[in-house]
Amino acid sequence: MWDEAREGGTTRVLVVDDDAGVRFTLREMLKSLSGVEVDEAVDGEDALEKLSARPYELVISDLRMPRMDGMALVRRLSTVPRSPRVIVITAHGSERFAVEAMKAGAYDYFRKPFEVDELLAVVSRALESVRLREENARLSGELNLSRSLVFVSEPMVRLAQLVQLAGSRDVTVLITGESGTGKERVADALVRASPRANRPFLRFNCAALTEELAEAELFGHARGAFTGAHRARPGLFREADGGTLLLDEVGELAPTLQARLLRVIQEGEVRPVGEDRPVTVDVRIIAATHRDLRRLALEGAFREDLYYRLNVVQLRVPPLRERPEDIPVLARVFLDRFIDRFHTGPLKIPDGFFEQLRALPWPGNVRELENTLESLVALSSEGRLDLGQLPSAEPAGADSGFPGAPSDPVRPGPQDEAPGAGLKERVEAYERGLVLDALRMAGRNRSEAARRLGIGRATLHDKLRKYGLDDGGEERS
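Residues numbered from 1 in each chain as written. Predicted model: local features only at pLDDT ≥ 70, side-chain atom pairs only at ≥ 80, totals over all residues. Heavy atoms only, no water.

Another aspect to go through is helix H17 (residues 446-453). Extensive coverage of H17 is indicated by the burial of seven of its eight residues. A side-chain oxygen of the first residue of H17 lies 3.1 Å from the backbone nitrogen of Ser447; this N-cap is Asn445. (Buried < 20%, exposed > 50% of the residue type's maximum accessible area, 1.4 Å probe, protein only. Helix = DSSP H or I, 4+ residues; strand = E, 2+ residues; numbered from the N terminus. Polar contact = N/O pair within 3.5 Å; in protein donor to acceptor, adjacent residues only side chain to side chain.)

It is possible for side chains of opposite charge to pair when their charged atoms get near one another. Evaluation of the coordinates by the stated rule reveals 29 salt bridges. Between Arg23 and Glu40 there is a salt bridge, and its shortest N-O distance comes to 3.0 Å. Of this pair, Arg23 sits in helix H1 (residues 20-30) while Glu40 sits in strand S2 (residues 36-41); the two residues are 17 residues apart in sequence, bridging distant segments of the chain. For Glu40, a relative accessible area of 24% translates into the label partly exposed. The closest approach of N and O atoms between Asp62 and Lys112, which form a salt bridge, is 3.4 Å. Placement of Asp62 in strand S3 (residues 58-62) and of Lys112 in the loop between strand S5 (108-111) and helix H5 (116-146) is noted, with a sequence separation of 50 residues between them. Of the residues examined, Asp62 reaches a relative accessible area of 8% and is grouped as buried. Via salt bridges that share partners, Asp17, Asp62 and Lys112 belong to a single interconnected network. (Salt bridge = Lys/Arg side-chain N within 4 Å of Asp/Glu carboxyl O.)

For the structure on display, the rule yields four aromatic pairs. Residues Phe219 and Phe237 carry aromatic rings whose centres are separated by 5.6 Å and whose planes lie at 5° to one another, so their mutual orientation is stacked. Taken together, the residues Phe219 in helix H8 (residues 211-219) and Phe237 in helix H9 (residues 236-239) connect sequence positions 18 residues apart. The interplanar angle of 20° and the centroid separation of 6.2 Å between the aromatic rings of Phe338 and Phe342 together place this pair among those described as stacked. Of this pair, Phe338 and Phe342 both sit in helix H13 (residues 326-342), four residues apart, roughly one helical turn. Relative accessible area serves as the criterion here: at 1%, Phe338 is assigned to the buried category. Among the residues examined, Phe342 registers a relative accessible area of 30% and is labelled partly exposed. (Phe/Tyr/Trp six-rings, centres within 6.5 Å; stacked < 30°, edge-to-face > 60°.)

Moving on, we get to the side chain of Ser380. Relative to the helices and strands, Ser380 is located in the loop between helix H15 (365-378) and helix H16 (423-441). Among all residues touching Ser380, those that are not within four sequence positions of it are Thr344, Leu347 and Leu385. (Contact = heavy atoms within 4.5 Å.)

All of the buried residues along H8 are Ala214, Ala216, Glu217, Leu218 and Phe219. Here the buried face of H8 lies against strand S7 (201-205), H9, strand S8 (244-248), helix H10 (255-267) and strand S9 (269-270). Just downstream of H8, Gly220 is the residue with a positive phi angle, here 85°.

With that out of the way, let us pick up the UniProt feature "modified residue: 4-aspartylphosphate" (unreviewed entry) in the chain. Taking the UniProt record as the reference, the feature "modified residue: 4-aspartylphosphate" (unreviewed entry) is found at Asp62. If near-sequence neighbours (up to four positions away) are discounted, Asp62 is found in contact with Val16, Asp17, Asp18, Gly70, Ile89 and Lys112. (UniProt positions renumbered as here; feature names shortened; annotations may be inferred.)

In strand S6 (residues 173-176), alternate side chains face the same way, and those of Val173 and Ile175 on one face and Leu174 and Thr176 on the other are all buried. Pairing of S6 with strand S11 (residues 284-289) involves four bridges; the strand directions are parallel. Looking across to S11, one finds that Leu174 is bridged to Ala287. Where S6 meets strand S12 (residues 313-316), four bridges bridge the pair, whose relative direction is parallel. What sits directly across from Thr176, in S12, is Arg316. (Pairing = 2+ DSSP bridges.)

Another aspect to go through is the sheet that holds S5. The strand order S2-S1-S3-S4-S5 describes an open sheet built from five strands, whose pairing is parallel. A strand with exactly one partner marks an edge of an open sheet, and here the two such strands are S2 and S5. Pairwise comparison of adjacent strand axes, ignoring direction, gives a mean angle of 20° for this sheet. Across five bridges, the pairing between S3 and strand S4 (residues 85-90) is parallel. Within S4, the residue paired with Asp62 across the bridge is Ile89. (Axes fitted to C-alpha atoms, helices over the stretch in contact; angles between N-to-C directions.)

Before going further, it helps to examine the packing of helix H6 (residues 154-168) against helix H7 (residues 183-192). Where H6 meets H7, the closest approach of the two axes is 8 Å, and the angle between their N-to-C directions is 45°. Put simply, H6 runs oblique to H7. For H6 against H7, the interelement crossing comes out right-handed. On the side of H6, the interface is formed by Leu159, Val163, Ala166 and Gly167, while H7 contributes Val186, Ala189 and Leu190. Looking at side-chain class alone, the contact of H6 with H7 contains six nonpolar, one polar and no charged residues. (Parallel < 35°, antiparallel > 145°, perpendicular 65-115°, else oblique. Left-handed = near helix turned anticlockwise from the far one by under 90°. Nonpolar A, V, L, I, M, F, W, Y, C, P; charged D, E, K, R; others polar.)

On to the side chain of Thr172. Of note, Thr172 is situated in the loop between H6 and S6. The residues touching Thr172, leaving out its near neighbours within four places in the chain, are Ile285, Arg309, Leu310, Val312 and Val313.

Moving on: the environment of Ser146. Mapping Ser146 onto the fold places it in helix H5. By relative accessible area, Ser146 is classed as partly exposed at 37%. For the pair Ser146 and Val186, spaced 40 residues apart in the sequence, the C-alpha separation amounts to 9.7 Å.

Take a look at the structure:
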């Protein structure tokens, strides 16, 4: 109710009193404070209606009013997270009621008849405490997300604030964004800001397994429930009971599993494969996807009711092209990391290097930037980086054969082929380069690489073996 940012730096104050003359007097006094906008309510119930419609930073309320008095209003507001500060107005000699109100959650009080200096001093202290609270929340949010992601841009600062708010409220969150933007890192920050921070946090990639195996992995199974089920397994939902489960690439979930997931969200129960009785679970769900779930729902490729259940709060992670000021900061972190890993010693950074990085489209986002800089440092010589190894600034996928693939300096081209190479050899050399591109952009994640290439995971394994790339450990699965 009070999470919206203040518009144009304006501080909203709500004056609550059944006496129109008192409301007028307070409004006139508050006009002397710059940036203050004043609204009025005639009693506690009227105040709650106005508070539900728009945010206020401060409420000034009389204690004696019809319908809902000031004490009841204070108690109601004290139960709401990030509620406005409340100052109560008391009659002369009724300080004991003010003390009672402050025990119930009021910030401060002043007496009737009003002394202008006293009133403005109390209001100024309250507004300063609101400013400090908001500043602390903003800094806490930035610190929380910065433990997972590096950023200086305004879009990411705003995302950090939303992560802090959503994380603390135990609500289902849908994280959207292009591949490589850092959606899993945002999920990490959400969990750290959550009341479940010290409880289990498990992850599941919805695109990684077949439908049957995914069902058993998520919901568990009884012994003998299917071929190969030699022992019972609780499943990720029961393992995460009391904690959080991240469903990565949730848009790839099979339709039958979408129905089962909806049941878990609605009823808080899972039914393991091969068992008759459901099991109650308490799991917070965070879902992540690079796909447009709303469009998929409209096309019938994703359950619309499940989409709305997952999309209670949506956090969009902006791509690098929308926050180019983060690129130099990220690049310096990655360079330091890989210089240390490869023991290259200090490297000379060419003039204009960071400006050139900012000018590139980075379709693979942070993951592509990281992998590119890893390659630059690994192939550096004589203490220098070779800018010729950077991707071209041409539109992504212009000559790559699949969307989003950057140029790769080590991809075999005509100049790299053996003299007299036939068409088959040239096609295979080019295909091998595409596979290497996809693996690099996917951070060696084979499921993601297969998705980028538009082929199945089994087909990708066949090509890795064909081209001698399946060494059993180089590419992460």
